[in-house]
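Chains, contacts and geometry: an overview
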Amino acid sequence: MKLDELENEAAIILCQLEMYFPPAFFAIMVHLMVHLVREIKCCGPIFLRWMYPVERYMKILKGYMKNLHHPEAFIVERYVAEKAIEFCLVYIKKDKPVGLPESRHDDRVGGKGSRGLHIITPSVEDLLQVHLYVLNNSNEVLPYILQHEGLVKESNPKMSKNWVLKKHNKTFLDWFEDTIFADENSSEMLRKLAVDGPKRNVITCQGYDINKYSFYTKAQDEKSTMQNSGVTLRAES
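Residues numbered from 1 in each chain as written. Predicted model: local features only at pLDDT ≥ 70, side-chain atom pairs only at ≥ 80, totals over all residues. Heavy atoms only, no water.

**Looking at the side chain of His-131**
Summarising the element assignment, His-131 is placed in helix H6 (residues 124-136). Residue classification places His-131 among the buried positions, given a relative accessible area of 11%. Excluding residues that lie within four positions of it along the chain, His-131 makes contacts with Leu-173, Leu-193, Ala-194, Gly-197 and Pro-198. (Helix = DSSP H or I, 4+ residues; strand = E, 2+ residues; numbered from the N terminus. Buried < 20%, exposed > 50% of the residue type's maximum accessible area, 1.4 Å probe, protein only. Contact = heavy atoms within 4.5 Å.)

The structure is reproduced here in structure tokens:
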């Protein structure tokens, strides 16, 4: 039923087109619309028997021919080569291509220690200095730093700024720990910074890789024959 409706609609559309287009527009391909529905009824769907895909692929095969004396041999040779390349592209994707060597620093984007990993235990003075440095560079601890500096200045109004700063650095860690420990509403981060503090065992390394670059300590760099420093210029030619 739908095919009959399509056949009638195709005839009506062609009649309407004749009202706007000249007779030269109606070539054999335009007239073919009238017979498509009848061919479907007699032979089945057109996509199962039309020759357009075959003719297009024959155009590709003819492009493989480079020698008119042996056309079939050249077509077969080029066809086999194309299929072999497609096989390699599908099943050998993970292999690195042959060409210019890749830099060993390309994969080193995330921070990672690379040379001379050791675990050391610094002195108490170094740990206190590191702990104070971390607290001074934390936004959450900043209000407590200002509060403690104000208390030290109020207790010693006649002392200079340098003396107040030294007194603040010397007594801030103990005051901060007591203040956070007594405050039940303090955050977990503040409790870790104040009560737990830094770990005694510190992991050190002689080299560190980050952002596609390698950085070495002075002691490690002195062992190398090529210095890992200096000015570089990227060539554009």
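Text resumes after the structure shown.
**Comments concerning the confidence of the model for the protein**
Scored by pLDDT, the protein has a mean of 80; 86% of the residues are at 70 or more. In the model of the protein, strand S1 (residues 112-115) stands out as the element of lowest mean pLDDT, 70, in contrast to helix H1 (residues 2-17), which has the highest, 88. (pLDDT = per-residue confidence, 0-100.)

**A few points about the side chain of Ser-186**
The residue Ser-186 is located in the loop between helix H8 (161-182) and helix H9 (188-196) in this model. Classification of Ser-186 as buried rests on a relative accessible area of 11%. Of the polar contacts made by the side chain of Ser-186, one reaches the side chain of Arg-191; its length is 3.3 Å. Contact partners of Ser-186, with chain neighbours within four places excluded, come to Ile-180 and Arg-191. (Polar contact = N/O pair within 3.5 Å; in protein donor to acceptor, adjacent residues only side chain to side chain.)

**What about the packing of H8 against H9?**
Their axes nearest at 8 Å, the elements H8 and H9 cross at an angle of 135°. Of the possible angle classes, the one that applies to H8 and H9 is oblique. Remark: the crossing between H8 and H9 carries left-handed chirality. Listed contacts from H9 to Phe-176, Glu-177, Ile-180 and Phe-181 of H8 are Leu-190, Arg-191, Leu-193, Ala-194 and Val-195. Looking at the contact of H8 with H9, its residues break down into seven nonpolar, no polar and two charged. (Axes fitted to C-alpha atoms, helices over the stretch in contact; angles between N-to-C directions. Parallel < 35°, antiparallel > 145°, perpendicular 65-115°, else oblique. Left-handed = near helix turned anticlockwise from the far one by under 90°. Nonpolar A, V, L, I, M, F, W, Y, C, P; charged D, E, K, R; others polar.)

**Considerations on H8**
Its 22 residues give H8 an end-to-end C-alpha distance of 29 Å, which sits within 8% of 32 Å, the value for a rise of 1.5 Å per residue. Within H8, the axis deviates most sharply at Thr-171, by approximately 50°. Every buried residue of H8 is listed here: Val-164, His-168, Phe-172, Leu-173, Trp-175, Phe-176 and Ile-180. Here the buried face of H8 lies against H6, helix H7 (142-155) and H9. (Expected span 1.5 Å × (residues − 1). Bend = angle between axes of the 7 residues up to and from the residue.)

**Some details on the packing of aromatic side chains**
Summed over all chains, the structure comprises five aromatic pairs. Ring geometry for Phe-21 against Phe-25: centres 4.5 Å apart, planes inclined by 20°, an arrangement best described as stacked. For Phe-21, a relative accessible area of 38% corresponds to the partly exposed category. Taking the relative accessible area as the measure of exposure, Phe-25 reaches 36% and is therefore partly exposed. Their ring planes at 20° and their centres at 5.4 Å tell us that Phe-172 and Phe-176 sit as a pair that is stacked. In this pair, Phe-172 and Phe-176 both sit in helix H8, four residues apart, roughly one turn of the helix. Overall, Phe-172 belongs to the buried group, its relative accessible area being 0%. In this structure an aromatic cluster arises from ring pairing among Tyr-144, Phe-172, Trp-175 and Phe-176. (Phe/Tyr/Trp six-rings, centres within 6.5 Å; stacked < 30°, edge-to-face > 60°.)

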